[in-house]
Amino acid sequence: DGQTLIPVSLVYKKDIMENNDTKHHPTHVTGYGSYGMSEEASFDYTRLPLLNRGVIYVIAHVRGGGEMGRQWYEEPNGAKYKCKMNTFNDFVDVARWLISSRNITTSELLSCEGRSAGGLLIGASVNQDPSLWKVAILGVPFVDVLCTMVDSTIPLTV
């Protein structure tokens, strides 16, 4: 919505920001923003190859998650049901902030990734502003919600 402050975790090698005199860096943004689940900033060795290559790893703690308490998930200002669009807007706003305000990357150097409900986030964000992203990774994306929920042959839908 352009007004809500979104918590963001940035992970990078120490020398990346020490020498940042206007140089843009490859940046990889991840997010989830569903079911009130928090995406905690934690150590993950699978990120090391990216970090060692100078990539800035970003976790966008968008509405729909639980990072800022239950109100971050619930209506009317969270991202549940009719407010789900807040999740997608938040993610796109974080990407624009990284490019415009922080000036650490460009759309040519920006990638995004989400799994499951995070795949829905990525799909919606890329559709909202395709020019913002160079690469998008959707891992087992939950993007066909209506058809999935009415199919009683799929586990957890009955």
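One can find the structure itself at the top, above this paragraph.
Residues numbered from 1 in each chain as written. Predicted model: local features only at pLDDT ≥ 70, side-chain atom pairs only at ≥ 80, totals over all residues. Heavy atoms only, no water.

> Give a detailed account of helix α3 (residues 85-101), specifying residues and quantitative values.
Three or four residues apart is the spacing at which side chains of an α-helix point the same way, because the helix has 3.6 residues per turn. Between its terminal C-alpha atoms α3 stretches 23 Å, which fits the 24 Å expected from 17 residues at 1.5 Å a residue. Listing the buried residues of α3 in full gives N86, T87, F88, N89, D90, F91, V92, V94, A95, L98 and I99. Within two residues after α3, N103 carries a phi angle of roughly 55 degrees, on the positive side. (Helix = DSSP H or I, 4+ residues; strand = E, 2+ residues; numbered from the N terminus. Expected span 1.5 Å × (residues − 1). Buried < 20%, exposed > 50% of the residue type's maximum accessible area, 1.4 Å probe, protein only.)

> Residues and numbers for unusual backbone geometry, please.
Note the cis peptide between E75 and P76, where omega equals 5 degrees. Take P76: it is sitting in the loop between β3 (56-60) and α3. Here Y81, not a glycine, exhibits a phi torsion of approximately 55 degrees, which is positive. Residue classification places Y81 among the exposed positions, given a relative accessible area of 64%. Backbone geometry at N103 places phi at a positive 55 degrees, although glycine is not the residue there. By secondary structure assignment, the location of N103 is in the loop between α3 and β4 (110-115).

> Could you give an account of the pattern of salt bridges, with specific residues and numbers?
One pass over the structure, following the stated rule, counts five salt bridges. For E74, the salt bridge identified is with R70, shortest N-O distance 2.8 Å. Residue classification places E74 among the partly exposed positions, given a relative accessible area of 24%. On the basis of relative accessibility, which here comes to 52%, the residue R70 falls in the exposed class. Across the salt bridge formed by E108 and K134, the nearest N and O atoms sit 3.1 Å from each other. (Salt bridge = Lys/Arg side-chain N within 4 Å of Asp/Glu carboxyl O.)

> Tell me about a nonpolar patch on the surface, residues and numbers included.
Together, F43, Y45 and L48 make up a nonpolar patch on the protein surface, roughly 390 Å² of accessible area in all. Of note, F43 is situated in the loop between β2 (27-31) and α2 (48-52). The exposure class assigned to F43 is exposed, which follows from its relative accessible area of 68%. (Patch = residues over 30% accessible without salt bridge, like charges linked within 9 Å, V, L, I, M, F, W, Y side chains within 5 Å. Areas by Shrake-Rupley, 256 points an atom, 1.4 Å probe, with all protein chains shown as cover.)

> How would you summarise the nonpolar core if you had to cite specific residues and measurements?
If you look at the biggest cluster of nonpolar residues, it comprises 23 residues, and the most contacted ones within it are V29, F91, L110, L132 and W133. Put simply, the parts of the chain that give this core at least two residues each are α1 (14-18), β3, α3, β4 and α4 (117-128). Of all the elements, α3 adds the most residues to this core, at seven residues. Here L110 is in contact with T27, V29, A95, I99, T105, L132, W133, K134 and V135, once residues within four sequence places are set aside. (Core = buried A, V, L, I, M, F, W, Y, C linked by side-chain atoms within 4.5 Å. Contact = heavy atoms within 4.5 Å.)

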